[in-house]
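# Close look at the chain arrangement
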Amino acid sequence: MNLPTNIRRTAIASTGFALAAALVLTVSPRLARADAQQQQSFNVWHQMSDCARLAAKQYPDHTTDGNAKREAFRQNCLRQHHLPVVPAGPAASPATGQ
């Protein structure tokens, strides 16, 4: 069967669109779940950032005493918002026994 070129192109395009739509409908529940997880993660990181910003505003000096007070304030803020308390700075490496 010989169809004109424009009809063949339209048929191919509509078939491609139908396949793409079917794929989106199949994958959309997974995407929705990922979006909810991403939103929750964003909210946690945003609140953690707010705690750090408030601590820096409350204790702006970078002395040993100011750093300790700022870190204590930040950790207390994280606890009040039921967030994971993560120590600031690089993780301490375990002693190698050398």
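Scope of this entry: the structure provided in the associated data block. Everything quoted here is computed from the prediction, not taken from an experiment.

With that settled, consider the packing of aromatic side chains. Inspection of the entire model under this criterion finds one aromatic pair. Taking the centre distance of 6.1 Å and the plane angle of 70 degrees together, the rings of Tyr-59 and Phe-73 count as edge-to-face. In this pair, Tyr-59 sits in the loop between α1 (5-58) and α2 (64-80) while Phe-73 sits in helix α2, placing the two residues 14 residues apart along the sequence. Residue Tyr-59 is classed as partly exposed on the basis of its relative accessible area, which comes to 24%. In this structure Phe-73 comes out as partly exposed when scored by relative accessible area, which is 29%.

Per the counting criterion, the structure on display carries one disulfide. For Cys-51, the disulfide goes to Cys-77, at an S-S distance of 2.1 Å. Residues Cys-51 and Cys-77 are joined through a disulfide that is left-handed, its torsion about the S-S bond being -65 degrees. Of this pair, Cys-51 sits in helix α1 while Cys-77 sits in helix α2, and the two are 26 residues apart along the sequence. For the pair Cys-51 and Cys-77, a shared accessibility class is recorded, and that class is buried.

How each quantity is defined
- Residues numbered from 1 in each chain as written.
- Predicted model: local features only at pLDDT ≥ 70, side-chain atom pairs only at ≥ 80, totals over all residues.
- Heavy atoms only, no water.
- Phe/Tyr/Trp six-rings, centres within 6.5 Å; stacked < 30°, edge-to-face > 60°.
- Helix = DSSP H or I, 4+ residues; strand = E, 2+ residues; numbered from the N terminus.
- Buried < 20%, exposed > 50% of the residue type's maximum accessible area, 1.4 Å probe, protein only.
- Disulfide = S-S within 2.5 Å.

Interpretation in functional terms is not warranted from these geometric data alone.
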